[in-house]
Amino acid sequence: MRILWYWTLPVAVLAWELTTRSAQAVFFPPPSQIVVRLHEMWFSGPPSRAFLTDEAVADLLPSLARLFSGWAMACAAGVLAGVALGRSQGLAALVEPLLHFGRSVPPSTLLPVFLVLFKIGTPMELASIVYGVIWPVLINSMDGARHVDRQYIETGTVYRLTAWQRLTHVILPAAAPKIFAGLRLSVSLALIMMVISELVGSSEGLGHRMLEAQSKFDIPAMWAGIVLLGLLGIALNAAFLGVERTVLSWHHSVRNGATR
């Protein structure tokens, strides 16, 4: 099955290449042309700069900086608020309806509001990313903290753990699988919100570059941005899975031992 999976991408790219060359559609260039344009735009720079071009420094690096900054802020706020709400039934009952309302509002519809509040620039883009990303982290953290096994809490009470010790040694480890599930969802959402915010309110970045390519009818450059975003999403997901396996290795060991 794994060997078949490795063949899927080359076969799909080959089919794409043959289909687009035979169709000769203006809006669907072949992958070979897209790769060449992608290399020219972002990865044909000097070796001393990791082959990054001036466009890459001007667009790719700021986009990545906003992506990771917004994601980190949303994750920190989401985990803290989620754990607090998960461990407080009264507070959760008071706030939860507002949370479900907030996460039901599509983040893209609030872009005009963020433009009014923060103007065009990095603060507006960070606000958009944080708002779009925080919900899965917050909801999963709240659910994980709420459903910690009661025996764990009682054991902590027997050993007279302080509130901080219960949080760091009992609640967070027990809720970690749920928290990481939310964090994994948030990675792809951060990438989506980064692009959307740059399409609307930015003078730099990958989203702005794609919009500029569209206005200039530079179709290969537009597709190069799409392909780059797809590759970036795959790389981010793979990196996060590696971190998750490392951090939750104890959980997988316990689960595997319980199933034997």
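Rules used throughout
- Residues numbered from 1 in each chain as written.
- Predicted model: local features only at pLDDT ≥ 70, side-chain atom pairs only at ≥ 80, totals over all residues.
- Heavy atoms only, no water.
- Helix = DSSP H or I, 4+ residues; strand = E, 2+ residues; numbered from the N terminus.
- Contact = heavy atoms within 4.5 Å.
- Areas by Shrake-Rupley, 256 points an atom, 1.4 Å probe, with all protein chains shown as cover.
- Lys, Arg positive; Asp, Glu negative; His and termini not counted.
- Charge placed at Lys NZ, Arg CZ, Asp CG, Glu CD.
- Polar contact = N/O pair within 3.5 Å; in protein donor to acceptor, adjacent residues only side chain to side chain.
- Core = buried A, V, L, I, M, F, W, Y, C linked by side-chain atoms within 4.5 Å.
- Buried < 20%, exposed > 50% of the residue type's maximum accessible area, 1.4 Å probe, protein only.
- Patch = residues over 30% accessible without salt bridge, like charges linked within 9 Å, V, L, I, M, F, W, Y side chains within 5 Å.
- Salt bridge = Lys/Arg side-chain N within 4 Å of Asp/Glu carboxyl O.
- Phe/Tyr/Trp six-rings, centres within 6.5 Å; stacked < 30°, edge-to-face > 60°.
- Axes fitted to C-alpha atoms, helices over the stretch in contact; angles between N-to-C directions.
- Parallel < 35°, antiparallel > 145°, perpendicular 65-115°, else oblique.
- Nonpolar A, V, L, I, M, F, W, Y, C, P; charged D, E, K, R; others polar.

Novice: What is the right way to read the overall build of the protein from this model?
Specialist: Looking only at helices and strands, the protein features 11 helices and 0 strands. Secondary structure elements of the protein, listed N to C terminal, follow the sequence α-α-α-α-α-α-α-α-α-α-α. Considered along the principal axes of its C-alpha atoms, the protein spans approximately 70 × 50 × 40 Å. Of the contacts formed within the protein by residues at least 6 apart in sequence, a portion of 70% connects residues at least 24 apart. Surface exposure of the protein reaches about 15,200 Å², of which carbon and sulfur atoms provide 69%. Averaging the coordinates of the 19 positive side-chain charges in the protein and doing the same for the 15 negative ones gives two points 11 Å apart.

Novice: What is the right way to read helix α7 (residues 150-158) from this model?
Specialist: Three or four residues apart is the spacing at which side chains of an α-helix point the same way, because the helix has 3.6 residues per turn. The N-terminus of α7 is capped by D149, whose side-chain oxygen sits 3.0 Å from the backbone nitrogen of Q151. R160, located one to two residues past α7, shows a positive phi value of around 55 degrees.

Novice: Any chance you could explain the nonpolar core here in plain terms?
Specialist: Note that soluble globular proteins tend to have their nonpolar side chains buried in a common cluster. With 59 residues, the main nonpolar core has W42, L60, L67, L183, M194, L206 and L229 as its most contacted residues. Of the residues forming this core, the biggest block, 13 residues, is contributed by helix α8 (residues 163-201). Dropping the residues within four chain positions of it, L60 is found in contact with F43, L52, E55, L206 and L228.

Novice: It is not clear to me how a nonpolar patch on the surface should be interpreted in this structure. Could you clarify?
Specialist: Nonpolar side chains collect at one region of the surface, where V26, F27, F28 and F217 lie side by side and expose about 440 Å² of accessible area between them. Assignment of secondary structure puts F27 in the loop between α1 (2-23) and α2 (31-42).

Novice: Whenever I open this one, the packing of aromatic side chains confuses me. Can you help?
Specialist: In this description, a pair of aromatic rings is defined by centroid distance and the angle of the planes. Tallied over the entire structure, the rule returns 8 aromatic pairs. With a centroid separation of 5.6 Å and an interplanar angle of 85 degrees, the aromatic rings of F27 and F217 are classed as edge-to-face. Taken together, the residues F27 in the loop between α1 and α2 and F217 in the loop between α9 (206-215) and α10 (219-247) connect sequence positions 190 residues apart. The class of F217 is exposed, set by a relative accessible area of 51%.

Novice: Please clarify how the side chain of S128 should be interpreted in this entry.
Specialist: Locating S128 in the fold gives a position in helix α6 (residues 122-146). In terms of polar contacts, S128 uses its side chain to reach the backbone carbonyl oxygen of M124, at 2.9 Å. In contact with S128, not counting residues within four places along its chain, are L111, F114, M193 and S197.

Novice: Please explain the side chain of E244 as it appears in this structure.
Specialist: Relative to the helices and strands, E244 resides in helix α10. Lacking a salt bridge, the buried E244 has R184 as its closest oppositely charged neighbour, with an N-O distance of 4.9 Å. Discounting residues that sit within four places of it in the chain, E244 has contacts with F180 and R184.

Novice: Sorry, what's going on with the environment of F27 here?
Specialist: With a relative accessible area of 47%, F27 lands in the partly exposed category. Sequence separation of F27 and M222 is 195 residues, and the distance between their C-alpha atoms is 9.7 Å. When sequence neighbours within four positions are dropped, the list of residues in contact with F27 reads F217, I219 and W223.

Novice: I keep staring at the packing of α2 against α10 and nothing clicks. Help me out?
Specialist: The description of two packed helices rests on the angle between their axes and on the distance between the axes. At a closest axis distance of 8 Å, the pairing of α2 and α10 adopts a crossing angle of 85 degrees. Compared by their axis directions, α2 and α10 come out roughly perpendicular. Packed against α2, whose contacting residues are Q33, I34, R37, L38, M41 and W42, the element α10 presents P220, A221, W223, A224, G225, V227 and L228 at the interface. By residue class, the composition of the contact of α2 with α10 is 10 nonpolar, 2 polar and 1 charged.

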